[in-house]
Amino acid sequence: FSDFLCEKVSFTESFFNDGDVNFVNTNFNEAEVSFRSVVFGNGYIDFKFSRFHGKKVIFEKALFGEGKVDFKNTEFKGEKADFRRVSFNNGDVSFEGAEFHASKILFRNSSFGKGKIHFDLAQFGHAKVQFDHVDFGSEEVSFKETTGKLLSMRGCSLNLFVDLRVHFFEAIDLSHSIVRD
C-alpha cells in the first residue's frame, strides 16, 4: 500500500526489470500520474484496487513484458485515462470491475499479444471509450456486463473470440473493422 500526496507522480521513461511489480491498493490521490514510455520487464504487473483521482493518468507508449497485467477494480476518476500505443505483449490483461469516470478513455493503436483480455463488469461512465485500430491479439477479449456511453472499435481486426454481451452502451461502433469466425 502506498499513498501519494503530491501534485504529480512521474515514472516517465522508467525501466522496471524482470520480476513482479506491485502497486496493489495504491492511492495516487489527486496527482497527475505518468507512466509514459515506461518499460515493464516480464512478470506480474499488479495495479489491483488502486485509485487514480487526478486529472490525467497516462500510460501512453508503455511496454509491458510477458506476464499478467492486472487493473482489476481500479478507479480512474480524472478527466483522461490514456493507454494509447501501449504494447501489452503476451499474458492476460484484466480491467475487470474497473471504474472509469474520465471523459476520455483511450486505448487507440495499442496491441495485445497472446492472452485473455477482460473488461468484464467495467464501468465507463459517460465517456467515449476508444479502442480504434487496436490489435487484440489471438485469444479472447470480453466486455461482458460493461456499461458506458460509446464503445468504439473502429478499424480493428477481430479474428478472435469477442464477447460483446455488454450491460449497456448507447452505441458500439465497429466501422471499418474486420470480423472473422
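Residues numbered from 1 in each chain as written. Predicted model: local features only at pLDDT ≥ 70, side-chain atom pairs only at ≥ 80, totals over all residues. Heavy atoms only, no water.

Structural notes on the packing of aromatic side chains
Each aromatic ring pair is described using two quantities: the centre-to-centre distance and the angle formed by the ring planes. Inspection of every chain in the model, using the stated rule, returns 41 aromatic pairs. Residues Phe-52 and Phe-76 carry aromatic rings whose centres are separated by 5.2 Å and whose planes lie at 5° to one another, so their mutual orientation is stacked. Of this pair, Phe-52 sits in strand β7 (residues 51-52) while Phe-76 sits in strand β11 (residues 75-76), placing them 24 residues apart in sequence. Relative accessible area serves as the criterion here: at 1%, Phe-76 is assigned to the buried category. Taking 6.1 Å as the distance between ring centres and 40° as the angle between the ring planes, the aromatic pair formed by Phe-71 and Phe-76 counts as tilted. Residues Phe-71 and Phe-76 agree in their burial class; the two are buried. (Phe/Tyr/Trp six-rings, centres within 6.5 Å; stacked < 30°, edge-to-face > 60°. Helix = DSSP H or I, 4+ residues; strand = E, 2+ residues; numbered from the N terminus. Buried < 20%, exposed > 50% of the residue type's maximum accessible area, 1.4 Å probe, protein only.)

Observations concerning the sheet that holds strand β4 (residues 32-34)
By way of backbone hydrogen bonds, the strands of a sheet pair with one another, either parallel or antiparallel. Taken together, 8 strands build an open sheet; the order of strands is β1-β4-β8-β12-β15-β17-β19-β22 and the sheet is parallel. Edge positions in the open sheet fall to β1 (8-10) and β22 (171-173), since each of these has one partner strand only. Between one strand axis and the next, the sheet turns by 10° as a mean value, whatever way the strands run. By the bridge criterion, 3 bridges tie strand β15 (residues 104-106) to strand β17 (residues 128-130) in an arrangement that is parallel. Paired with Lys-104 across the strands is Lys-128, a residue of β17. (Pairing = 2+ DSSP bridges. Axes fitted to C-alpha atoms, helices over the stretch in contact; angles between N-to-C directions.)

Quick notes on the sheet that holds β11
The strand order across the open sheet formed by 3 strands is β7-β11-β14, and the pairing between neighbours is parallel. Each edge of the sheet is formed by a strand with only one pairing partner; in this case those strands are β7 and β14 (99-100). Two elements, β11 and β14, share 2 bridges in a ladder whose sense is parallel. Among the inter-strand pairings, Phe-76 is bridged to a residue of β14, identified as Phe-100.

Some points on the pattern of salt bridges
Counted according to the given criterion, the structure contains 11 salt bridges. Notably, a salt bridge pairs Asp-82 with Arg-84, separated by 2.8 Å at the nearest N-O pair. (Salt bridge = Lys/Arg side-chain N within 4 Å of Asp/Glu carboxyl O.)

Some words on the environment of Phe-47
Tracing the backbone through its elements, the reader meets Phe-47 in the loop between β6 (45-46) and β7. Apart from the residues within four sequence positions on either side, Phe-47 is in contact with Phe-23, Phe-35, Phe-52, Phe-59, Asp-70, Phe-71 and Thr-74. (Contact = heavy atoms within 4.5 Å.)

A closer look at the environment of Asp-173
Relative to the elements of secondary structure, Asp-173 occurs in strand β22. Asp-173 has contacts with Leu-150, Leu-151, Ser-152, Met-153 and Arg-154, leaving out every residue within four places of it along the chain. Within the structure, the side chain of Asp-173 is placed 2.5 Å from the side chain of Ser-175, a separation counted as a polar contact. (Polar contact = N/O pair within 3.5 Å; in protein donor to acceptor, adjacent residues only side chain to side chain.)

With respect to unusual backbone geometry
A positive phi angle, near 60°, is found at Ser-37, a position not held by glycine. Within the secondary structure, Ser-37 is located in the loop between β4 and β5 (39-40). On the basis of relative accessible area, Ser-37 is assigned to the partly exposed category, the value being 24%. Of note, His-133 is a non-glycine position whose phi angle comes to about 60°, a positive value. As for its position among the elements, His-133 is in the loop between β17 and β18 (140-142). Exposure remark for His-133: the relative accessible area of 48% places this residue in the partly exposed category.

Any link to function would need more than the numbers given here.
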